[in-house]
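Chain by chain, the residues run as shown.
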Amino acid sequence: MEGHIDSGVAFIFEGETEQVFYEALFYYFNGKNRNYLLSQKFDEKINEVIYYSQSSFRNIIIRTKTIGTITQIANTAQWFKNSCIKQYENIKWTIFLCYDTDSYKEDITMFYEDDWKNLRRKLRSPYIEVIDLAASSMIEDLFLLDYAGICNYLKIETQLIPKAGNGKQTLKNFFRRNGKIYHEGERSSDFILSLNLETIINKSNLNLQSIGKNLFP
Amino acid sequence: MEVKSITIGGFRNLERTKIEVKAITALVSLNNYGKTNFLKGIEFAVAFITKGEFEREKMMGLIHSIPLNPSLSNEPFVFEIEFHEPKLKEYQFIRYGFSFKWKRNGDSGQRLVDEWLDLRESESTKYTSYLKREELKYRKSKSTTAFRNIILNEYQLALDNLSSIDDLDYLEVIKLIKRFSLSCMENSYQENNSVNSKMFYDLKKSDPNKFDLFREAILTIFDDIVDIDVVKTEFEPKSYKFYSSVVSDWKEQSVPFKLDNESYKIFLINKNINQPIEFNMLSKGSRRLFSILATIFINSSANHLIVVEELASNIHPSLIKRVLQIIYENIGEGKLIFTTYNPYLIQYLKLENIYIGLPNNQGKATFKNILKSKERTLINSAKDNGLSVGEYLFDLMGNNSKTTFVLKSLMGI
């Protein structure tokens, strides 16, 4: 990306499904503010695909990091310092931490209590605003807010979705009962794109509107 | 019914080692330490229980099992297992074990030296002994404190005799111990790692819901597989005509025991292949993973332990979490113990589920957890080094005197 960058927004996702959902929100909020053009470009120097939100008045760079099997939360602060701050000096950054506060309690998890608190501490700086998009619920609990959209995706009559354990188990169970498999990660994109994001934004306790405000001010 | 713990000792290079068995338990250490020996020790013990006296005598002299380490060479073989079965009420917590001396020079010395059965109603009470092999005595029930005599020879387990005593109040306990079974998955893809298509077909017929869950698991893990099925094929009738033509007096009805002429095949539909393919056409790694999952699904409701050597071999790191989640969700009352060299797999497990080979210079193997009181220290040190807990643990195991010192302190040694 050539040209002047006014500000930066970084997203750190707990997993791939979060990444798919929040990236869908980027486009949703862009649809609400057509003064900005949202684009993706591969930066050969940084070796990553980077989003840009551009208008006649403002250029915003959007960086994303997903914690996975190899990428660790322990080196995420380092990624932000080396790959964001050092590359674009003297701009203001806003960081969204997108996670489930209870994920460390799951049976199979790479997270420990205080992981995100420690990350926030490492990221702290006068020129950086850190926003937690976190609650004691899974990303699937957000999807469940649009039960009509889920039923529509499954091609069944609109109905309430019976709870069966946590959000993921509930969704898996409901998909299974209706002859489909709930996939996580990138394979969830068709499903996520079929959901009514406005419903989810309005019903959620998370301040999802803050994404739109920061990406397309 | 669930297995709570397993103890093995005096087997190959194993010191007496107790593992508190969780739904998923991992053994980690450097190469050639003794992880596989622990798994083989369980396999050996289960086989010992099921064999007759003649075979047991031979097993007491198996050269691949006798401890050859100088400091263990006089140690007897020890096996102990703890179960919990709430239906057994006052006998619901069970501890059973036996011990024998290995064969010595001159084809002598091998004999069972101890066997015990302890029962209790709750974990907050002490175990009560119901079998004292050294005194050749057993107790009939909780309501009597008197012990009866039992006659046993040196290769005979009391378990064999107790199961035929009708008035034994805890006969179900004995049956439960004898029913305990094991599935072993070797490291490399071998015959015993292949899927038993018949069992798979039986699962589909007897428990279609579980079969559907297995199908869902496979479709979740393998992005390119869109369906899976198992079918039964039978000999065509014209084959019988063929027999009749070669064997002059062959008649289908006259055969007193007709061989099973059915065969079973697993088919998969891959979205990138223009026709269904047989299971055997999958890659080696996929076949192994498929086999491990099939074993878990088929045995999940039984009194069963599954042991897998190098669970993560041939599995791409990006699939590890998915695989572990599927195992965890579907293992039911079964338990899985596996070995691994993969720090990315370990990072997804609670520290209490990870047993680490204890560093020593004598070639003896034993496994322990990180102390509960040291868990936070370990987690913080890993983060400070920019590593996952799994990576940091493997770093500490790296056979370096300084890291060994750190690891020992975390394990309370």
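Residues numbered from 1 in each chain as written. Chains lettered and ligands numbered in written order. Predicted model: local features only at pLDDT ≥ 70, side-chain atom pairs only at ≥ 80, totals over all residues. Heavy atoms only, no water.

1. Observations regarding the overall build of chain A
Summing up its helical and strand segments, chain A has nine helices and six strands in all. Here the C-alpha radius of gyration of chain A, 18 Å, is about what a compact globule of 217 residues would show, namely 17 Å. Expressed along its principal axes, the backbone C-alpha trace of chain A runs to roughly 50 × 40 × 30 Å. Across the 217 residues that make up chain A, the buried fraction comes to 54%. The contacts of chain A with a sequence gap of at least 6 include a subset with a gap of at least 24, amounting to 69%. Carbon together with sulfur atoms contributes 45% to the accessible area of chain A, which is approximately 10400 Å² in total. Charge-centre separation for chain A: the mean point of 26 positive side chains lies 2 Å from the mean point of 27 negative side chains. (Helix = DSSP H or I, 4+ residues; strand = E, 2+ residues; numbered from the N terminus. Rg over C-alpha atoms; globule rule 2.2 N^0.38 Å. Buried < 20%, exposed > 50% of the residue type's maximum accessible area, 1.4 Å probe, protein only. Contact = heavy atoms within 4.5 Å. Areas by Shrake-Rupley, 256 points an atom, 1.4 Å probe, with all protein chains shown as cover. Lys, Arg positive; Asp, Glu negative; His and termini not counted. Charge placed at Lys NZ, Arg CZ, Asp CG, Glu CD.)

2. Focus: the nonpolar core
Membership of the largest hydrophobic core comes to 154 residues, with the highest contact counts inside it found for Ile6(B), Phe77(B), Phe98(B), Leu117(B), Tyr170(B), Phe290(B) and Leu349(B). Here this core takes eight residues from helix H1 (residues 35-50) of chain B, the largest share from any one element. Those residues within four positions of Leu349(B) in sequence are excluded, and the remaining contacts are Ile108(A), Thr109(A), Tyr112(A), Ile24(B), Ala26(B), Leu324(B), Phe338(B) and Ile354(B). Membership of the second largest hydrophobic core comes to 43 residues, among which are Leu25(A), Tyr28(A), Ile161(A) and Phe216(A). (Core = buried A, V, L, I, M, F, W, Y, C linked by side-chain atoms within 4.5 Å.)

3. Observations concerning the confidence of the model for chain B
For chain B, the average pLDDT comes to 90, and 92% of its residues sit at 70 or higher. Predicted complex metrics record ipTM = 0.92 and pTM = 0.92. (pLDDT = per-residue confidence, 0-100.)

4. Regarding helix H5 (residues 197-206) of chain B
All names here are of chain B. Every buried residue belonging to H5 is among Ser197, Phe200, Tyr201 and Leu203, and all of these are buried. Across the axial projection of H5, the buried residues extend over an arc of 155°, all falling on one side. Away from the buried face of H5 by more than 90 degrees, exposed residues Lys205 and Ser206 are located. On its buried side, H5 packs onto helix H6 (208-221), strand E11 (225-234), strand E12 (262-270) and helix H8 (284-299). (Arc of directions from axis to C-beta.)

5. Focus on the sheet that holds strand E10 (residues 181-185) of chain B
All names here are of chain B. With mixed pairing, six strands are arranged side by side in an open sheet as E10-E14-E15-E3-E16-E17. A single partner strand is all that each edge strand has here, and the edge strands are E10 and strand E17 (367-368). In this sheet, strand E15 (residues 335-339) lies alongside strand E14 (residues 304-308) in parallel orientation, the contact comprising four bridges. Bridge assignment links isoleucine 306 to a residue of E15, and that residue is leucine 336. (Pairing = 2+ DSSP bridges.)

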